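Take a look at the letters that make up each chain.
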Amino acid sequence: MRFDDNEPVFKRCEWGTNRYEYNPRNPVGFALIVVAIGFAVMLLLMHNHAGPFAPPDTSWSPAPDMSGRAPPAEDPPGPTPPESVDSPGP
């Protein structure tokens, strides 16, 4: 693609309206087209919470215990039951 510095940055729209559009034959117009497309893609990613704008994935780690209490002990310490001894009979 060849750029012509004598081309205007904006040119009149060819659809018969009085609007102007970026001219891709001018280097500044082409740069404005690329920047506008990049900005539109960034806005779509932000709107959909996708790509670098996605929330962090925390599904792999367990939720931290925020209660401030110590975890319960598995077996509380206490007296052990006496062993039953069978004595031989007379």
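Reading the values: rules and limits
- Residues numbered from 1 in each chain as written.
- Predicted model: local features only at pLDDT ≥ 70, side-chain atom pairs only at ≥ 80, totals over all residues.
- Heavy atoms only, no water.
- Helix = DSSP H or I, 4+ residues; strand = E, 2+ residues; numbered from the N terminus.
- Buried < 20%, exposed > 50% of the residue type's maximum accessible area, 1.4 Å probe, protein only.
- Contact = heavy atoms within 4.5 Å.
- Areas by Shrake-Rupley, 256 points an atom, 1.4 Å probe, with all protein chains shown as cover.
- Salt bridge = Lys/Arg side-chain N within 4 Å of Asp/Glu carboxyl O.
- Polar contact = N/O pair within 3.5 Å; in protein donor to acceptor, adjacent residues only side chain to side chain.
- Expected span 1.5 Å × (residues − 1).
- Phe/Tyr/Trp six-rings, centres within 6.5 Å; stacked < 30°, edge-to-face > 60°.

Student: Tell me about the overall build of the protein, and name the residues and values.
Tutor: Helix and strand counts for the protein stand at one helix and two strands. Beginning at the N terminus, the succession of helices and strands in the protein can be written as β-β-α. Counting across all 90 residues of the protein, residues that qualify as buried make up 4%. Long-range contacts, defined here as pairs at least 24 residues apart, represent 6% of the contacts in the protein between residues at least 6 apart. With the model as given, the accessible surface of the protein reaches about 8,700 Å², and the carbon-plus-sulfur share is 61%.

Student: Mind laying out the pattern of salt bridges, listing which residues take part and the relevant values?
Tutor: The tally for this structure, following the rule as stated, stands at one salt bridge. Lys11 is the salt-bridge partner of Glu14, the closest N and O atoms lying 4.0 Å from each other. Of the residues examined, Glu14 reaches a relative accessible area of 66% and is grouped as exposed.

Student: Before we move on, can you summarise unusual backbone geometry with the specific residues and values?
Tutor: Although it is not a glycine, His49 sits at a positive phi angle of roughly 50°. Within the secondary structure, His49 is located in the segment after α1 (27-47). For His49, a relative accessible area of 53% corresponds to the exposed category.

Student: So, the side chain of Asn26: which residues are in play, and what are the values?
Tutor: Note that Asn26 resides in the loop between β2 (20-22) and α1. Among the polar contacts listed, one links the side chain of Asn26 to the backbone nitrogen of Val28, at a separation of 2.8 Å. With residues up to four places along the chain from it excluded, the contact list for Asn26 reads Phe3, Asp4, Asp5, Glu7, Pro8 and Val9.

Student: Could you give me a rundown of α1, with the residues and numbers involved?
Tutor: With 21 residues, α1 should cover 30 Å at 1.5 Å per step; its first-to-last C-alpha distance of 30 Å lies within 8% of that length. Of the residues that open α1, the one with a side-chain oxygen 2.8 Å from the backbone nitrogen of Val28 is Asn26. His49 sits one or two positions beyond α1 and adopts a positive phi of about 50°.

Student: Tell me about the side chain of Asn23, and name the residues and values.
Tutor: Among the structural elements, Asn23 can be located in the loop between β2 and α1. Asn23 sits in the buried class, given a relative accessible area of 1%. At 2.9 Å, the side chain of Asn23 and the backbone oxygen of Pro8 are in polar contact. Setting aside chain neighbours within four positions, we find Asn23 in contact with Glu7, Pro8, Val9, Phe10, Lys11, Gly29 and Phe30.

Student: Which residues make up the packing of aromatic side chains, and what values go with them?
Tutor: The full count for this structure, using the stated rule, is one aromatic pair. A centroid spacing of 5.7 Å and a plane angle of 35° characterise the contact between Phe10 and Tyr22, whose relative ring orientation is tilted. With a gap of twelve residues between them, Phe10 in strand β1 (residues 10-12) and Tyr22 in strand β2 connect regions that are remote in the sequence. Take Phe10: its relative accessible area is 45%, and that puts it in the partly exposed class.

Any functional reading would require information beyond the geometric quantities listed.
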